[in-house]
Amino acid sequence: MKKKDIRILLVDDEPDILEIVGYNLSAEGYNVSVAGNGAEAVARAKKERPHLIILDVMMPEMDGMEACEQLRRIPELSGTIITFLTARGEDYSQVAGFDAGADDYITKPVKPKVLVSKVKALLRRLKDQQEPEESIVRVGDITINRDEYKIVQSGKEIILPRKEFELLSLLASRPGKVFKREEILDKVWGNEVIVGGRTIDVHIRKLREKIGDDHFNTVKGVGYKFVL
């Protein structure tokens, strides 16, 4: 999908934020529309069906939390990505945001370049949604059954914990491709818990022990790749 075809709805009651953030996203080539409060955002979203909605929390008429909950109840917007962009950085506010149905939570102030990078990362999920994974993948002597969470290697079934399975499934989906650590954390752990880079290393070590050391290459300072 080309950038000009990606619709982003920016929602904030501060005109300066709408202008600055809207300008930077438009400069990247995205199709940006704006709303000044939650009620207007819900109405616009129903009409425009944006791919990404960026919501402030504190707004008049309807705040961002309520707007997010309403948006998540609209079937046509089930695939829409929603992130908060707000000065409310408290832990309980972030938890409330995710409970309301948000995919991410970005705190102000944030530099325009950093925000654009975060938006690009969020929009990569659209591609993942549009390209459904095959339920059974065969790579070399390994068969991965994603529906049954089952691994068979050389005719022998291997039982893996959920996160080890998902990590193997991700790396094996593109043999030879280097998956950056940030991408691995996003796709395997997402927003479930806060984890550090060492978590990936531990899971890779366990996979090497169970699947074979020669299938996993470390690219120092970057990430990991699966090799046949």
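Structure shown above.
As the structure is a prediction and not an experimental result, all values here were calculated from the model.

Every buried residue of helix α2 (residues 38-48) is listed here: Gly38, Ala41, Val42 and Ala45. What you see down the axis of α2 is that its buried residues fit within an arc of 100°, all on one side. Contact partners of the buried residues in α2: β1 (7-11), β2 (31-35), β3 (52-55) and α3 (64-72). The N-cap residue of α2 is asparagine 37: its side-chain oxygen and the backbone nitrogen of alanine 39 are 3.1 Å apart. Backbone geometry just after α2 places arginine 49 at a positive phi near 50°.

Taken together, the four bridges between strand β6 (residues 136-139) and strand β7 (residues 142-145) define a ladder with antiparallel strand orientation. Counterpart to valine 137 in the pairing with β7 is isoleucine 144. Between β6 and β7, which pair antiparallel one after the other, the connecting turn spans two residues, and glycine 140 there sits at a positive phi close to 60°. The hairpin turn running from β7 into strand β8 (residues 150-153), its antiparallel successor, is four residues long, and tyrosine 149 in that turn takes a positive phi close to 50°.

A few words on the sheet that holds strand β10 (residues 179-180). Taken together, three strands build an open sheet; the order of strands is β10-β12-β11 and the sheet is antiparallel. Of all the strands in the sheet, the pair left with one neighbour each is β10 and β11 (216-219). One ladder, built from two bridges, connects β10 with strand β12 (residues 223-226); its direction is antiparallel. Bridged to lysine 180 within β12 is glycine 223. Packing against the sheet, helix α6 (residues 162-172) makes contact with β10, β11 and β12, and its axis sits at approximately 70° to β12.

The amide bond that connects lysine 108 to the next residue, proline 109, takes the cis arrangement and shows omega of -5°. Among the secondary structure elements, proline 109 is positioned in the loop between β5 (104-107) and α5 (112-130). Positioned with a positive phi, tyrosine 149 is a non-glycine residue whose angle comes to about 50°. Examined against the element boundaries, tyrosine 149 turns out to sit in the loop between β7 and β8. The exposure class of tyrosine 149 is partly exposed, given its relative accessible area of 40%. Even without a glycine there, the phi angle at serine 154 is positive, about 50°.

Before going further, it helps to examine the packing of aromatic side chains. Applying the stated rule across the entire model yields four aromatic pairs. A centroid spacing of 5.8 Å and a plane angle of 50° characterise the contact between phenylalanine 84 and tyrosine 105, whose relative ring orientation is tilted. You can see phenylalanine 84 sitting in strand β4 (residues 81-86) and its partner tyrosine 105 sitting in strand β5, a full 21 residues away along the chain. Their ring planes at 50° and their centres at 6.5 Å tell us that phenylalanine 98 and tyrosine 105 sit as a pair that is tilted. Given the relative accessible area of 8%, tyrosine 105 is considered buried. Following the ring pairs from residue to residue traces out a cluster consisting of Phe84, Phe98 and Tyr105.

What follows covers helix α1 (residues 15-27). Helical periodicity: at 3.6 residues per turn, an α-helix aligns residues three or four positions apart in one direction. The end-to-end C-alpha distance of α1, which contains 13 residues, comes to 18 Å, matching closely the 18 Å that a straight helix rising 1.5 Å per residue would cover. The complete set of buried residues in α1 reads Ile17, Leu18, Val21, Gly22 and Leu25. Seen along its axis, α1 keeps its buried residues to an arc of 105°; they face one direction. Residues Pro15, Asp16, Glu19, Tyr23 and Ala27 are exposed on α1 and point more than 90 degrees away from its buried face. Glycine 29, located one to two residues past α1, shows a positive phi value of around 105°.

Another aspect to go through is the pattern of salt bridges. Scanning the entire structure with this criterion turns up 19 salt bridges. A salt bridge links aspartate 12 to lysine 108; the nearest nitrogen and oxygen atoms lie 2.8 Å apart. One end of the pair, aspartate 12, is in the loop between β1 and α1; the other, lysine 108, is in the loop between β5 and α5, with 96 residues separating them in the sequence. Classification of aspartate 12 by relative accessible area gives buried; the value is 2%. Notably, a salt bridge pairs lysine 120 with glutamate 28, separated by 3.3 Å at the nearest N-O pair. One end of the pair, lysine 120, is in helix α5; the other, glutamate 28, is in the loop between α1 and β2, with 92 residues separating them in the sequence. The structure contains a network of salt bridges with shared partners spanning Lys3, Glu28 and Lys120.

About the cut-offs
- Residues numbered from 1 in each chain as written.
- Predicted model: local features only at pLDDT ≥ 70, side-chain atom pairs only at ≥ 80, totals over all residues.
- Heavy atoms only, no water.
- Buried < 20%, exposed > 50% of the residue type's maximum accessible area, 1.4 Å probe, protein only.
- Helix = DSSP H or I, 4+ residues; strand = E, 2+ residues; numbered from the N terminus.
- Arc of directions from axis to C-beta.
- Contact = heavy atoms within 4.5 Å.
- Polar contact = N/O pair within 3.5 Å; in protein donor to acceptor, adjacent residues only side chain to side chain.
- Pairing = 2+ DSSP bridges.
- Axes fitted to C-alpha atoms, helices over the stretch in contact; angles between N-to-C directions.
- Phe/Tyr/Trp six-rings, centres within 6.5 Å; stacked < 30°, edge-to-face > 60°.
- Expected span 1.5 Å × (residues − 1).
- Salt bridge = Lys/Arg side-chain N within 4 Å of Asp/Glu carboxyl O.

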